[in-house]
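Structural overview for review
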Amino acid sequence: MDISIIFTIYNSSYEDIELTLNSIIKQIDINYEIIFADDCSPINQEDQIHKYMKKTNISYKYIRNAKNVGTVRNCLNALSFAKGRIVKPIGAGDIFIYNNLFSRIVNYNQKFDIIYVPMIGYIKQNGKYYS
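Residues numbered from 1 in each chain as written. Predicted model: local features only at pLDDT ≥ 70, side-chain atom pairs only at ≥ 80, totals over all residues. Heavy atoms only, no water.

1. Let's talk about the overall build of the protein
What counts, and what does not: Helix and strand labels come from DSSP, where a helix needs a run of H or I of at least four residues and a strand needs a run of E of at least two; each type is numbered from the N terminus. Each radius of gyration is computed over the set of C-alpha atoms, and the globule rule expresses the reference value as 2.2 Å times the number of residues to the power 0.38. Residues are treated as being in contact if the distance between any of their heavy atoms lies within 4.5 Å. In short, Shrake-Rupley with a 1.4 Å probe defines the accessible areas, and a residue's cover is counted only from the protein chains shown. Charge assignment: positive for Lys and Arg, negative for Asp and Glu; neither His nor the chain ends contribute. Just so you know, the charge point we use is NZ for Lys, CZ for Arg, CG for Asp and CD for Glu.
Along the protein, the regular secondary structure elements total four helices and six strands. The order of α-helices and β-strands along the protein, N terminus first, is β-α-β-α-β-α-β-α-β-β. Compactness check: the protein gives a C-alpha radius of gyration of 15 Å against a globular reference of 14 Å for 131 residues, within 12% of the reference. For the protein, the spread of C-alpha atoms along the principal axes amounts to about 40 × 40 × 30 Å. The long-range share in the protein, meaning contacts at least 24 apart out of those at least 6 apart in sequence, stands at 75%. Roughly 8,000 Å² of accessible area belongs to the protein as shown, and the carbon and sulfur atoms make up 50% of that amount. Looking at the protein, you have 15 positive and 12 negative side-chain charges, and the mean spots of the two groups are 2 Å apart.

2. Brief notes about the sheet that holds strand E2 (residues 32-38)
Through backbone hydrogen bonds, the strands of a sheet pair up, either in parallel or in antiparallel fashion. As a reminder, the rule being used: Note on pairing: two strands pair once DSSP finds at least 2 bridges between them. Fitted lines through C-alpha atoms serve as axes, helices being fitted only where they are in contact, and the angles separating the N-to-C directions of these axes extend from 0 to 180 degrees.
Taken in spatial order, the four strands of this open sheet run E3-E2-E1-E4, and their pairing is parallel. Edge positions in the sheet fall to strand E3 (59-64) and strand E4 (86-91), since each has one partner strand and no second. Strand after strand, the sheet turns through a mean of 20 degrees between neighbouring axes, direction not considered. Along the sheet face, helix H2 (residues 46-54) touches strand E1 (3-9), E2 and E3 and points at about 175 degrees away from the line of E3.

3. Some thoughts on helix H4 (residues 101-109)
Operational definition: With a 1.4 Å probe rolled over the protein chains alone, any residue whose accessible area is under 20% of its type maximum counts as buried; one over 50% counts as exposed, and the rest are partly exposed.
Within H4 the residues assigned to the buried category are Leu-101, Phe-102, Ser-103, Ile-105 and Val-106. Considering only its buried residues, H4 is in contact with E1, helix H1 (14-25), E2 and E4.

4. Describing the side chain of Ser-4
By the element assignment, Ser-4 lies in strand E1. Among residues more than four places away in sequence, those in contact with Ser-4 are Glu-33, Ile-35, Ala-82, Lys-83, Gly-84, Ile-86, Val-87 and Lys-88.

5. Some thoughts on the environment of Asn-11
Of note, Asn-11 is situated in the loop between E1 and H1. In the structure, Asn-11 is positioned 21 residues away from Tyr-32 in sequence and 25 Å away in space, judged by C-alpha atoms. For Asn-11, the contacting residues outside a window of four places in its chain are Ser-41, Pro-42 and Ile-43.

6. So, the pattern of salt bridges
Rules: The salt bridge definition used is simple: a Lys or Arg side-chain nitrogen within 4 Å of an Asp or Glu carboxyl oxygen.
Enumeration according to the criterion identifies three salt bridges in this entry. Between Arg-85 and Asp-2 there is a salt bridge, and its shortest N-O distance comes to 3.9 Å. Taken together, the positions of Arg-85 in the loop between helix H3 (71-79) and E4 and Asp-2 in the segment before E1 put the pair 83 residues apart, joining distant regions of the chain. Using a relative accessible area of 51% as the deciding quantity, one classes Arg-85 as exposed. Of the residues examined, Asp-2 reaches a relative accessible area of 22% and is grouped as partly exposed.

7. Thoughts on the environment of Met-1
In this structure, Met-1 sits in the segment before E1. The class of Met-1 is partly exposed, set by a relative accessible area of 33%. Along the primary structure Met-1 and Asn-31 are separated by 30 residues, whereas in three dimensions their C-alpha atoms are 5.6 Å apart.

8. Some details on the nonpolar core
Keep this limit in mind: For the purposes of this section, nonpolar cores are sets of buried Ala, Val, Leu, Ile, Met, Phe, Trp, Tyr and Cys residues that join through side-chain atoms within 4.5 Å.
Counting 24 residues, the largest nonpolar core has Phe-7, Ile-24, Ile-34 and Phe-36 as the members making the most contacts within it. Listed by contribution, the elements that provide at least two residues to this core are E1, H1, E2, H2, E4 and H4. Once you skip the residues sitting within four places of it in the chain, Ile-24 turns out to touch Ile-5, Phe-7, Tyr-32, Ile-34, Ile-90, Phe-96 and Phe-102. Within the second largest apolar cluster, six residues are counted, among which are Ile-35, Ala-37, Cys-75 and Ala-78.

Put into C-alpha cells, the structure is as follows:
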C-alpha cells in the first residue's frame, strides 16, 4: 500500500464528504486506501459513505469513536489502522486538484523524508467553486 488517506469527519455535510471523495477517487497510477475517522459526530454519515464506497474498488475502513476525542487524537486513532507507507490526512470539503497528486507524493517521498503538499483554498458561490 502506497498511501493511506485519513479522512477526518465531524459534523460534516454529505455534500462536503462527497466533494472530497470525488477528488480522491480520481487519483491515478497509485495504490491507496481511505480510513474514515468519525469523531463521534452528531451528524452520522456512515450509511451514505458505505453506499458511496460500494461503487468503487477502493479499500477503506470506517472508524467511529465512541466519544469525541478531538482532531489530533482522532487522526492518531486512525493512524493505527493505516497500512500505507505514506499517510495524508484530509477533512471533508477539502479537495485534491491534480489527479496524479498521490503518485507525485510517492515519487518525491523516495528522495525526502518529509513532504509539504501545498493546498489551495476555495469558496462556493451560487453552486460553483472558486479558488
